[in-house]
Amino acid sequence: NAGVMQNPRHLVRRRGQEARLRCSPMKGHSHVYWYRQLPEEGLKFMVYLQKENIIDESGMPKERFSAEFPKEGPSILRIQQVVRGDSAAYFCASSPEGPQGGGYTFGSGTRLTVV
Amino acid sequence: QQQVKQSPQSLIVQKGGISIINCAYENTAFDYFPWYQQFPGKGPALLIAIRPDVSEKKEGRFTISFNKSAKQFSLHIMDSQPGDSATYFCAARRRAGAQKLVFGQGTRLTINP
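Residues numbered from 1 in each chain as written. Chains lettered and ligands numbered in written order. Predicted model: local features only at pLDDT ≥ 70, side-chain atom pairs only at ≥ 80, totals over all residues. Heavy atoms only, no water.

Engineer: Tell me about the overall build of chain B, residues and numbers included.
Structural biologist: Counting its regular elements, chain B contains 0 helices and 11 strands. The C-alpha extent of chain B, read off along each of the three principal axes, is 45 × 30 × 20 Å. A burial count over chain B gives 48% of its 113 residues as buried. Of all intrachain contacts in chain B linking residues separated by at least 6 positions in sequence, the fraction that spans at least 24 positions is 55%. Just so you have it, chain B exposes about 5500 Å², and 49% of that area is on carbon and sulfur atoms. (Helix = DSSP H or I, 4+ residues; strand = E, 2+ residues; numbered from the N terminus. Buried < 20%, exposed > 50% of the residue type's maximum accessible area, 1.4 Å probe, protein only. Contact = heavy atoms within 4.5 Å. Areas by Shrake-Rupley, 256 points an atom, 1.4 Å probe, with all protein chains shown as cover.)

Given below as structure tokens:
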């Protein structure tokens, strides 16, 4: 049973380019969460999705950031026109269906560097 | 009200000692309190978790103590080992609605041999 798969592991983008981060949840998990971690800081919630629905995007910057979790395929976090301040580790997590679900299972993250 | 405050920011413990990390919360709607362990370059991994209907949970050398009235919970690592050196995050999740976890700021633990 593969864990949460994130790719790429490392991504370098020039300022103004687009970054696409992919996340495949664990088998049987239908809830996906994206978090951002700046160096030496904690995990900041960005967005919570279920298949084809955004449940909570209260942590997403209003501009340039978007997320989707289509019926087929991985969840995508998309950052348009990246700036240096977007450099961070982006972690995806998944959990089983239902409010009784336990803790998340995290992926290994995508480390975005904007040059 | 959505915050979880964690202390200390960093901690150095001698091998064999007890490591203690503390967290406090304000929102009484939180009903699930996990701890995560993160090694450099890796994603956080669930270590141990507790619900507010119990005051303590132990798994091997790791124990969570929970004080509902004080709205505090702590992680105790007994007989700390160099392999425990990592960053530890406490978190909390609301009883209803969106299941997102709110994380503390993290504690960088170093166990000296």
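Engineer: Can you explain the pattern of salt bridges? Please cite residues and give values.
Structural biologist: Should their charged atoms come close, side chains of opposite charge can pair. Summed over all chains, the structure comprises 7 salt bridges over all chains. Its salt-bridge partner being Arg20 of chain A, residue Glu18 of chain A comes within 2.9 Å of it at the nearest N-O pair. (Salt bridge = Lys/Arg side-chain N within 4 Å of Asp/Glu carboxyl O.)

Engineer: Explain the sheet that holds strand S3 (residues 19–25) of chain B to me, and be specific about the residues and the numbers.
Structural biologist: All names here are of chain B. Read across the sheet, 5 strands follow the order S1-S3-S8-S7-S6 without closing on themselves; strand pairing throughout is antiparallel. Each end of this open sheet is capped by a strand with a single partner; those strands are strand S1 (4–7) and strand S6 (56–59). Averaged over all pairs of adjacent strands, the angle between their axes in this sheet comes to 15 degrees, without regard to strand direction. Judged from the 4 bridges that link them, S1 and S3 form a sheet pairing that is antiparallel. Paired with Ser7 across the two strands is Asn22, which belongs to S3. (Pairing = 2+ DSSP bridges. Axes fitted to C-alpha atoms, helices over the stretch in contact; angles between N-to-C directions.)

Engineer: Report on the sheet that holds strand S3 (residues 19–24) of chain A, specifying residues and quantitative values.
Structural biologist: Residue and element names in this part refer to chain A. Strand order in this open sheet of 4 strands is S1-S3-S8-S7, and the pairing throughout is antiparallel. Edge strands, defined here as strands with exactly one partner in the open sheet, are strand S1 (5–7) and strand S7 (65–68). Geometrically, the sheet is characterised by an average inter-axis angle of 15 degrees between neighbouring strands, direction not taken into account. The sheet contact formed by S1 and S3 spans 3 bridges and is antiparallel. Bridge pairing in S3 places Gln6 opposite Cys23.

Engineer: I'd like a description of the interface of chain A and chain B, backed by residues and values.
Structural biologist: Contacts between chain A and chain B engage 26 residues on the former and 19 residues on the latter. With both sides pooled, the region where chain A packs onto chain B buries about 1700 Å², and carbon together with sulfur makes up 48% of that total. Put simply, chain A and chain B have 1 salt bridge between them. Linking Lys100 of chain B and Asp56 of chain A is a salt bridge whose minimum nitrogen-to-oxygen distance equals 3.2 Å. Our count for the chain A to chain B interface comes out at 8 residue pairs in polar contact (both at pLDDT 80 or more). Among the elements of the structure, strand S4 (31–37), strand S5 (43–50) and strand S9 (88–95) of chain A are those that each provide at least two residues to the side of chain A that touches chain B. At 4 residues, S4 of chain A tops the list of elements feeding residues into the side of chain A that touches chain B. In the side of chain A that touches chain B, the residues fall into 9 nonpolar, 12 polar and 5 charged. (Buried area = accessible area lost by both parts, 1.4 Å probe. Polar contact = N/O pair within 3.5 Å; in protein donor to acceptor, adjacent residues only side chain to side chain. Nonpolar A, V, L, I, M, F, W, Y, C, P; charged D, E, K, R; others polar.)

Engineer: Talk me through the environment of Asn67 of chain B; I want residue IDs and the actual numbers.
Structural biologist: Inspection of the secondary structure puts Asn67 of chain B in strand S7 (residues 62–67). Sequence separation between Asn67 of chain B and Ser55 of chain B is 12 residues; the distance between their C-alpha atoms is 6.4 Å.

Engineer: Describe the nonpolar core, naming the residues involved and giving the relevant values.
Structural biologist: Core analysis: the largest hydrophobic core is formed by 25 residues, its most contacted members being Val4, Phe33, Trp35, Phe73, Leu75 and Tyr88 of chain B. Every element with two or more residues in this core is listed here: strand S2 (10–14), S3, strand S4 (30–38), strand S5 (45–50), S7, strand S8 (72–77), strand S9 (86–94) and strand S11 (107–112) of chain B. In terms of residues, this core owes the most to one element, S9 of chain B, which gives 4 residues. If near-sequence neighbours (up to four positions away) are discounted, Leu75 of chain B is found in contact with Ser19, Ile20, Ile21, Trp35, Leu47, Ile48, Phe62, Thr63, Ile64 and Tyr88 of chain B. Judged by nonpolar contacts, the second largest core, of 23 residues, contains Met26, Val32, Met46 and Leu49 of chain A. (Core = buried A, V, L, I, M, F, W, Y, C linked by side-chain atoms within 4.5 Å.)

Engineer: Give a detailed account of unusual backbone geometry, specifying residues and quantitative values.
Structural biologist: A negative phi holds for most residues other than glycine; trans holds for most peptide bonds. The omega angle of the peptide bond from Asn7 of chain A to Pro8 of chain A is 0 degrees, so this bond is cis rather than trans. On the secondary structure map, Pro8 of chain A appears in the loop between S1 and strand S2 (10–13). Residue Ser7 of chain B is joined to Pro8 of chain B through a cis peptide bond whose omega torsion reads -5 degrees. If you trace the backbone, Pro8 of chain B turns up in the loop between S1 and S2. One non-glycine residue, Arg64 of chain A, lies in the positive phi region at around 75 degrees. Structurally, Arg64 of chain A can be placed in the loop between strand S6 (53–56) and S7. Using a relative accessible area of 25% as the deciding quantity, one classes Arg64 of chain A as partly exposed. In the Ramachandran plot, Asp79 of chain B falls in the positive-phi region, its phi being about 45 degrees despite a non-glycine side chain.

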